[in-house]
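Observations on the model geometry
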Amino acid sequence: MARVYNFSAGPAVLPEAVLERARAEMLDWHGSGMSVMEMSHRGKEFIAIAQKAEADLRRILGIPATYKVLFLQGGASLQFAMVPLNLLGDKGRADYIHTGEWSKKAIGEAKRHGQVSVAADAASSKYTHIPAQSEWRLDPGAAYVHYTPNETIGGVEFHWVPETGDVPLVADMSSTILSRPIDVTRFGVIYAGAQKNIGPAGLTIAIVREDLIGRAGPNVPAMLNYKTQADNESMYNTPPTYAWYVAGLVLEWIDAQGGVTALADLNRRKADKLYRAIDASEFYRNPVAKDCRSWMNVPFTLADPALDDAFLKGAKAEGLVTLKGHRSVGGMRASIYNAMPEAGVDALVEFMAEFERTRG
Ligand code: PMP
């Protein structure tokens, strides 16, 4: 069986070594005589798996003891609701930075729960640049500031962290977490769906500063209250055990790669190669301002959209799959998360040049 290079935006490519390990441990995890899938979440085997994954994530990202790490369900989309439900408190209002489709979704959901002010909006550039912080209208009385460090659809990424003073900064890191080192102390809440850089779909990670826990109102469902989840070590109910286990394997793989510092070098190199190929050609185009191009999601268009289908078909024949752009923007999108080998990017660049030469 030949593995393809899978450029899916998520669920996305996982490291082959992780899949091999999961396969080797599938029927009998460490002599337990059972699969992790079959274990009680309260048994000592699974508790050990869960605790190791959390400890590894804390070490890899440098998460201080003053933050809780929650292993949740519901995807990043549920965090769009949980963030306001848990953080708005008496202030009742929050600032949002609108840089694309995912911030728009976060804004839409937050509006159900409180007063939302869009403190900056990249609409004038059709969401191809990030407004400088000097242009933001931040409210010092806001309960928090929410932003999307990497817009998975638009391919727009912050290569800097906003400065919000005493107002907690909340980040939807779904498509950028673990791609580079971060200073966790700059954030009040970081959340991410797992299915891009962490592991399989079904798991969502929230890293929450402890003083922000316990602010939810009495009507907030127990499951949606960070306090319930924190007080119960993310085991108030049955967590997504298998996804948690595979995430643990991915974290061990990240360590074996040299951690997020080494991955950041690799990610930058992979992205540079692809953007260079796009910029050097008259045939391919990426619309995003150079200082905020994503390392993880690279959208690009062909000079003639009538050739899109031929491009996708030709790519597939070379083992390069899931390159079709998001339905809202068309064209192509190459998602090149941590687990995408550099050889996959090289193969894509080579195919693009060949396609341009023969069809462009
Ligand atoms: N935020 C971002 C930045 C995303 O890329 C996605 C999914 N592609 C979401 C939120 C929604 O995530 P989920 O499907 O886990 O709810």
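Report on the accompanying structure. Predicted, not measured: the structure shown is a model, and the values here were computed from it. (Residues numbered from 1 in each chain as written. Predicted model: local features only at pLDDT ≥ 70, side-chain atom pairs only at ≥ 80, totals over all residues. Heavy atoms only, no water.)

Counting secondary structure elements, the protein chain contains 9 helices and 14 strands. Computed over the C-alpha atoms, the radius of gyration of the protein chain is 21 Å, within 12% of the 21 Å expected from 2.2 N^0.38 for a compact globule of 360 residues. The principal-axis extents of the C-alpha atoms in the protein chain amount to approximately 65 × 55 × 30 Å. Expressed as a percentage of its 360 residues, the buried residues of the protein chain come to 54%. Taking the contacts inside the protein chain whose residues are at least 6 apart along the sequence as the reference set, 66% of them involve residues at least 24 apart. Counting only carbon and sulfur atoms, one obtains 52% of the accessible surface of the protein chain, whose full area is about 15,800 Å². Within the protein chain, one finds 38 positive and 41 negative side-chain charges whose respective centroids are separated by 3 Å. (Helix = DSSP H or I, 4+ residues; strand = E, 2+ residues; numbered from the N terminus. Rg over C-alpha atoms; globule rule 2.2 N^0.38 Å. Buried < 20%, exposed > 50% of the residue type's maximum accessible area, 1.4 Å probe, protein only. Contact = heavy atoms within 4.5 Å. Areas by Shrake-Rupley, 256 points an atom, 1.4 Å probe, with all protein chains shown as cover. Lys, Arg positive; Asp, Glu negative; His and termini not counted. Charge placed at Lys NZ, Arg CZ, Asp CG, Glu CD.)

Attention now moves to the environment of G214. Note on placement: G214 falls in the loop between β10 (204–209) and α5 (226–231). Among the residues examined, G214 registers a relative accessible area of 46% and is labelled partly exposed. For G214 and K227, which are 13 residues apart along the polypeptide, the C-alpha to C-alpha distance reads 5.4 Å.

This next bit is on the site of the ligand. Taken together, the residues surrounding the ligand are G75, A76, S77, F80, W102, N150, T152, D172, S174, Q195 and K196. Within the contact set of the ligand, an oxygen atom lies 2.6 Å away from a side-chain nitrogen or oxygen of S77. Within the side chain of D172, one N or O atom sits 2.6 Å away from a nitrogen atom of the ligand. Alone, the ligand offers 390 Å² of accessible surface; in the complex the protein occludes 84% of this. Residue contributions to the shell around the ligand peak at 4 residues, all from helix α3 (residues 75–87). (Near = heavy atom within 4 Å. Polar contact = N/O pair within 3.5 Å; in protein donor to acceptor, adjacent residues only side chain to side chain.)

This part covers the packing of helix α1 (residues 16–24) against helix α6 (residues 241–256). In the contact formed by α1 and α6, the axes pass within 9 Å of each other and the chain directions differ by 130 degrees. What the angle tells us is that α1 and α6 run oblique. In the packing of α1 onto α6, the handedness of the crossing is right-handed. Between α1 and α6, the contacting residues are A17, V18, R21 and A22 on the first element and Y242, Y245, V246, L249, V250, E252 and W253 on the second. Of the residues in the contact of α1 with α6, the class split is 9 nonpolar, no polar and 2 charged. (Axes fitted to C-alpha atoms, helices over the stretch in contact; angles between N-to-C directions. Parallel < 35°, antiparallel > 145°, perpendicular 65-115°, else oblique. Left-handed = near helix turned anticlockwise from the far one by under 90°. Nonpolar A, V, L, I, M, F, W, Y, C, P; charged D, E, K, R; others polar.)

What follows covers the packing of aromatic side chains. Scanning all chains against the criterion turns up 17 aromatic pairs. Relative to Y144, the ring of Y96 has its centre 5.8 Å away and its plane inclined at 70 degrees; by these criteria the two rings are edge-to-face. Taken as a pair, Y96 in strand β3 (residues 93–98) and Y144 in the loop between β4 (115–121) and β5 (145–147) lie far apart in primary sequence, 48 residues in all. Y96 sits in the buried class, given a relative accessible area of 1%. Their ring planes at 75 degrees and their centres at 6.0 Å tell us that F300 and F311 sit as a pair that is edge-to-face. Here F300 is found in strand β12 (residues 297–302), whereas its partner F311 is found in helix α8 (residues 308–317), with 11 residues between them in sequence. For the pair F300 and F311, one class covers both residues: buried. An aromatic cluster of at least three residues, connected via ring pairs, comprises F283, Y284, F300, F311, F351 and F355. (Phe/Tyr/Trp six-rings, centres within 6.5 Å; stacked < 30°, edge-to-face > 60°.)

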